[in-house]
Structures are given as C-alpha cells and as structure tokens.
Amino acid sequence: MKQSALLVLLIIFLFCSFVFLFHRSIDELNPEKGKNWWSVSFIRPDRNRNIDIVVTNYTETKDFSYQILGDNTLISEGNFEAPLGENKVLLITPEKSFSQQHVVVRVKHKDEVQELFRNYK
Amino acid sequence: MWFPTAFLPFLATLSALCFIIGWFVLGALFERHSLILTLWEKLCFSFALSQSILIFGMITIGKAGISLNVLTLSVFLTLLTVFLAICFSLLSRRERQEEKPPQHIFTFSKKQALIFLLLIGATLLIKTIYLSNTIVPTATDLGHHLYWAKSISETGNLPFYAEQNIVSDPASGFRVTSPEPIADFIIGEHLTLAAISIFSAASYLSAFPVLFLHLINILSLLALATLAYYLARGIKLPGLKKSLWSGENAFLVTLLFFGPLYSIGSPQSKFVSGGVVGNIFGNLFIPLILLCLYRGLRTKDSRFLGLALLFSWTLAYIHHLSTFMFLFILVATILLHLALHFRNLLPILKDWFTLLLRPFPLAVITMSVLFFFYVAMPTYIETNAVTTAVGTPTRTTRTGLTFEQVSNSVGTPRLALALLGLFFLAFGTKTKGYARSFLIAWIGILLLITLRPDLLFIDIPSSRIGAYLSFPIGILGSLSFLILLSYLKLYRDFLPRILSLFSLVFLFVFIFSNGSYDNSSSLLTESKAEPIVATIHASEFLAAHTSSDDRIVKDHNFIVGDAWMKLFFMRGYSYPFSRAYFGRYETNPDREHCTLYMISTPSSKDGERCFQATGVNFVVIDSVKDSAQFDSAKKFSKIYSSRYITIYQKNTSL
C-alpha cells in the first residue's frame, strides 16, 4: 500500500482529534454551557463606602435575594432576577451603612449563600 | 469564540509554520522524489527543520531589535527559508548527484498497512479521550510557559527571563527584589507558540497549545518507529525469519509499544496535558537526531550528519535537560563503538572526520558557532545554570531510582523484553554494527544516570531522567519481542506445541495488561472545567480592578489553574505572588515564608510584617479551604465571592 495514502489517513485521523479537542475546549471554557455556579463582587472595590454589587449568574435558575447588614443589624433586603450569563448590577448602597463599622452584603440563590463584607474599624 | 474562526486560522498557521517551510528546505537537500527518505522521515524532518528556521529566525529578528509581528515574521522567515534552501541545495549538490536508490524501500503490505491504521487510530483515540478531560487550561507548567509566549506575542520582543522574589532583609524583615534572571526557561520552548498566536490570533486560553504538543507527541512516535525500522535492519541475528524480522514489522511493534500501550503516562500524553514543553520537544528531537546520526554513519551520507548537527543545535535552544541527556547518549555511543572496534580505530575515526568535513555539516557547524557567539547563547549558558545540574546529588529525589521504580516507570514487560534484547545484542549478533552500539549505549547510559546519578556527578531529579529511559527501552523491547516471536516460529518443531502456544499467549497478556493498566490508571474521571472558568472570572475581575501598583498573593495548593492567572495581568512572571505547596516550605527552610504567612496566618505578627514589607493588598484563595482566617480578620474586606474563589482586599487607612 502506498505510504502517501497512509499519510493522508493519518492526517485525517489527526484532524478529527484536533477538531474534537478544540471544540471541546470551547465548550468547556464557555461559562454558560453546562456550568452551575455564580459569583458576587463589589462594583467599585476601590471605594470604601460603596457596596454596590454585581452578580454573575451561570446557573439555570435566575431568582436571587440579598440582605445588607450593618453591625449585625438588617439594613435592607430585596429580591432580584439574574438570567443565565448576565452580570446583574445592583446599586444598593444605603446611606445608613455609611456609619457602620462592619457591613455585610449577603446574597442567596437557592440554598447557596455568598457574602461580601467591608470592615471599617 | 466561534469554532471555525478560531480553529481554521490555527490549523493554517500550524501547517505553514511547522511543516511547509521545513518541507521546502528538505526538498532542496534531498531530491523531491528521493527514495532514501521514508514518508515518515520527510514528515518529521520537515517539522524539525521548520522549528530550526522559526527559532533561529525569530531570535535573530528579536536580537536585531525588530518587532516580531505578522509582517516582519512573514518577510524574514520567507527570505530565510529561500536562502537556506539555496545554500543547502548548493552544499549538498554532490550527495544529490551521487544518490542511489536504497537497497530496500520502506513499504507496507496490505496487512501491515491495515495494522498501521488500527494502531495509529487506537493511539489517537486513547490520547484524545485522555486529553478531552484535560483540555481546559489548568496545568501549572503550561501556564508558566504561556506567560512567556504571550509576552512575546504581546510586546513583539524577545522576553527577558526574570522574576521578582521575596527575600529576607535585615532592615525590614522581608523585601521584594528587583527582577532576577531565571535559568529554567529557554527561549525555543516559547517561540513557536508565540508565532502561532501572532499569525492566527489564537487565544492562549484555547486548546491550541495542547494541540501543538499533542502533534509533537504523535510525531515523536513516528520518529521512534522509524528509528526502530532502521535499527532492526542493522541487526543480524542467526536464524531470524525474514517473514517476521523486518524493518516494517519493527516499525509496527514499536508503534504498538508507544501508541496504544503506554500512550498516556509520562512522558507521553501526561506531559502533553501538563505542558512539559521542553521534554515533549526533547522526546521528538532526541530520536530524530539519533536517526539522522545512525543513517549518516551507516550510509556515509553527510546530509544526515548535517541534519543531526542542526537538530542538536536547535534542541540546545529548546531544552537544557534533553540536550544534556543527548550529550551523554552521544558520548556513550561514541566511546562504546570505539571500544567495540578498538582494532579499527583509525579507519573509523577517518570515516567520521571525512563525513564531518563535507560542505553541508561544516556549514551547519560554522553557522551554529557564529550564531552562538554573535547572535544569542542559550539562556542557561548565559546564566551559568549548567553548574546547578552538575555535582553530588543534593536531595533524596535526585539520588537515583530503585530498579523497581524504573520498572514501574517504563513498564515491566518493556523492561523485561529490553533486558532480553540487551542479551541478544551483547552475545548474539554476528556483526558489531552501529545499531548495537546505539542501542546498548543509549540504554546503558540512561540506566546508569537513573540508578546511580552520583557516579556521573549529576544533580537532576531522577524521575525526570527516568522518563527519557522509556524510549530506548521501548524500542529495544519491541525488537526483542519480534526476535522472540521469530525464534518461537523457528523452533516450533522442537518445542511442544502447547509450550509455544502458552508462551505466546503469556507474552501477549503480559504486555497488553501492563500497557493498558498504565493507560487506565492515568485517565481522569472528570473535567475541571467549572473551577477553571471560576478562576478565569476571578482573574478578569482582579485585572480590571487593580493596577501594577497593587500587589496580589494567591494560593497554589487549592485553586484550580492558578498558574494561568498571571496571563490576565502580564505584570511580571511572579505576579501575582504564590503560596507554594506546603511541603516546599518544610523541605526548604531557607525559602521565603511570607507567601505562606500572608495566606495561612494573615493576622499573625509574621503575616502583618509580610503584608507591610511586600505591599500585598489583595489575596486570592479557595473559598472553602482558606476563608476562615480572613473572615475573622478585621483588616480585610471581602470583595469577590463564589463557590470556588474568594478575593480579599487589605483595608487601607480610612
């Protein structure tokens, strides 16, 4: 059998392997595909008193809630929706928090809770 | 990222940069339809030649102060390729004119061709399944390498391999040093990856780096099988049946021993997914150089010797350890061959020098010397790093492996067959040809360095040297397997039929079970896609909210793909600082401990002192394992949180 025919078949095999792996990496790195996690962060970490947040949702369900606690006392709370793949911005800095020593932003999604906090002591 | 727009430019660039330019130059060296090269050699030589042109070309452009971009690379590489093709063609004119068709032309029968396709298909299938779960960018080594490749493609300049370290300081306790040279990285490891990214705009976070290494791994299998083909043709043992003992069969059995069997463990696909770039290159270049040397010496064709010199020189700019190992193999082979032929020393030496003093090898030597002294030396020469690999072994990991560890590393059946092969070679050959010297020296010297590095004053991790041993062991094992089959066939009339059958079945079961076990024990059960996506997200957040004035420390023990974080900042190789594996602090008390204190005990006196001395103001940790000590600390704010990663900011004075 001609070597060149074998080479062509080898290249075809290799091409198939490359296509599969490249495609797989794109899927794996796509945060919206087959993932189930979310994150919360301050929008302006450089501003000490600003506690506006952004929630990035990579789960199928979009219902979230939040609470703001100042020195362990509830200052405000609310519900919001963040669809899959969206960076949901929440401008929630209450004036009341400016005088607190320890401010916590607690975000809940199903049974999972994530917290951010600021210490001013 | 849409698949065709990302994949097709990568594929086109890979073909052009890694094959076409080399194929063009090879065509000038050998006749286009020359029969003295098998197609597998043409494929592997084209790749290696392309690497030589690309690496030396890019270093020359960079050293000349010209920016490395699509335009300059296109123009310069085209000119260099054409120039080399003309030079090589002129320098090898006599060899091409005197070229005669070989006595035997590599051809597969229909049955052999089918077996080849089955073997290569199974190899690619197993490797692809393994890589599919490791294709996301998590490997530490690959992250480190790609930082340098990205710095080349982003800045258009050759990188200055340096890093900042935290060191003890009598005045302030600790301080961050100015960038200090690193000897561990060699430019050739990064240039091709950078060039692919420059031409195709491929993202370093895509599969392209792993696919590039996957390609080199497949080529190294073909190089090993081709080397086995020629070595088998050079070994003459009494009574070997031509129907079984042929170069083509040796090619196929070698492919079996490196392909479907033992295809994942070190130094194969595990090294590919782990991004052990230098070793992967070395695993292709060492067999290729030996193949060229063997063919050059056997056929007295100086073109092969010239190629061997060129590839050796290229390897020196890609990977120091592989170059080091190759030099040992080379010296051992020369000494052994001369020792075996001590009655004919003068004619042999005369033959070698006649070959070496032909125009093509001489031109390669001249170009290499000029490049070394007037363009660039390998970084490990400049930083005098060679001395760190030489001396009495200092750590337990460098004092050699036991025979059992070697056996587990290379595969017990392959080792058993190779030892039997050594016996055949030592006592059974009619001639003392190069095949015998090459194989015995290659195995002998690597076994010696692996088992007793102290005898040769080598201070390198023994497991890394052991990885090089699997190649000669695999080749000789496959040759020995063929010899055994051949002898079983030869003596079948003298042996009881049941004994022959039992021996054959036992041999196959022994080899297949061990080789498959090696594969299955390396397969991952699940992908790390979700945690790495979380690491990427956190890195993007930090990159957007910090500047080069900020200092970051992150954890290497628990965060998935943390080594890739530096690619989002591009603010220095050691940015962000990293808490290393805990064992590193215990085994090396002289190592700085600030990175440990700042994450493990941030509120302790040592922790406080380290934050102050280093200026670190952001901490990135695993959300589950390390958050307790920061949640209770008063001097930090938690600014980013997810199931996987949490980021704390050190409070500034309010």
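Residues numbered from 1 in each chain as written. Chains lettered and ligands numbered in written order. Predicted model: local features only at pLDDT ≥ 70, side-chain atom pairs only at ≥ 80, totals over all residues.

### Details of the overall build of chain A
Looking only at helices and strands, chain A has one helix and seven strands in total. Across chain A, helices and strands are ordered from the amino to the carboxyl terminus as α-β-β-β-β-β-β-β. Computed over its C-alpha atoms, the radius of gyration of chain A comes to 24 Å, more than 25% above the 14 Å expected for a compact globule of 121 residues. Dimensions of chain A along its principal axes, counting C-alpha atoms only, are 85 × 30 × 20 Å. Across the 121 residues that make up chain A, the buried fraction comes to 29%. The long-range fraction of contacts in chain A, counting pairs at least 24 apart against all pairs at least 6 apart in sequence, stands at 52%. (Helix = DSSP H or I, 4+ residues; strand = E, 2+ residues; numbered from the N terminus. Rg over C-alpha atoms; globule rule 2.2 N^0.38 Å. Buried ≥ 20, exposed ≤ 12 C-beta atoms within 10 Å, placed from the backbone. Contact = placed C-beta atoms within 7 Å.)

### Structural notes on the confidence of the model for chain B
Mean pLDDT over chain B stands at 89; residues scoring 70 or higher make up 95%. The ipTM, which scores confidence in the relative placement of chains, is 0.95 for this predicted complex, and the corresponding pTM is 0.93. (pLDDT = per-residue confidence, 0-100.)

### Let's talk about the nonpolar core
Counting residues in each nonpolar core, the largest one holds 226 residues, and the members touching the most others are Ala228 and Leu231 of chain B. Looking at this core element by element, the count peaks at 20 residues for helix H8 (residues 208-234) of chain B. Two domains each put at least three residues into this core: domain 1 (1-30) and domain 2 (37-119) of chain A. If sequence neighbours within four positions are ignored, Ala228 of chain B has contacts with Ala250, Phe251, Thr254, Ile475, Ser478 and Leu479 of chain B. (Core = buried A, V, L, I, M, F, W, Y, C linked by C-beta atoms within 7 Å. Domains from an automatic or database assignment.)

### A look at the packing of helix H12 (residues 302-316) of chain B against helix H15 (residues 359-374) of chain B
Residue and element names in this part refer to chain B. It is the contact of H12 with H15, at a shortest axis distance of 8 Å, that shows an interaxial angle of 15°. What the angle tells us is that H12 and H15 run roughly parallel. Seen along the crossing, H12 lies across H15 with a hand that is right-handed. Facing H12, whose interface residues are Ser302, Arg303, Leu305, Gly306, Leu309, Leu310 and Trp313, H15 presents Phe360, Pro361, Val364, Ile365 and Ser368. Taken together, the residues of the contact of H12 with H15 sort by class into eight nonpolar, three polar and one charged. (Axes fitted to C-alpha atoms, helices over the stretch in contact; angles between N-to-C directions. Parallel < 35°, antiparallel > 145°, perpendicular 65-115°, else oblique. Left-handed = near helix turned anticlockwise from the far one by under 90°. Nonpolar A, V, L, I, M, F, W, Y, C, P; charged D, E, K, R; others polar.)

### Digging into the interface of chain A and chain B
Of the residues lining the interface, 42 residues belong to chain A; the matching set on chain B comes to 46 residues. Of all elements in the fold, only helix H1 (3-29), strand E1 (37-42) and strand E7 (112-119) of chain A reach the threshold of two or more residues within the side of chain A that touches chain B. Here the residues of the side of chain A that touches chain B are counted per class, giving 23 nonpolar, 11 polar and eight charged. Pairing between E1 of chain A and strand E8 (residues 636-642) of chain B: three bridges, direction antiparallel. Note on E8 of chain B: the bridge partner recorded for Ser39 of chain A is Ser642 of chain B. (Pairing = 2+ DSSP bridges.)

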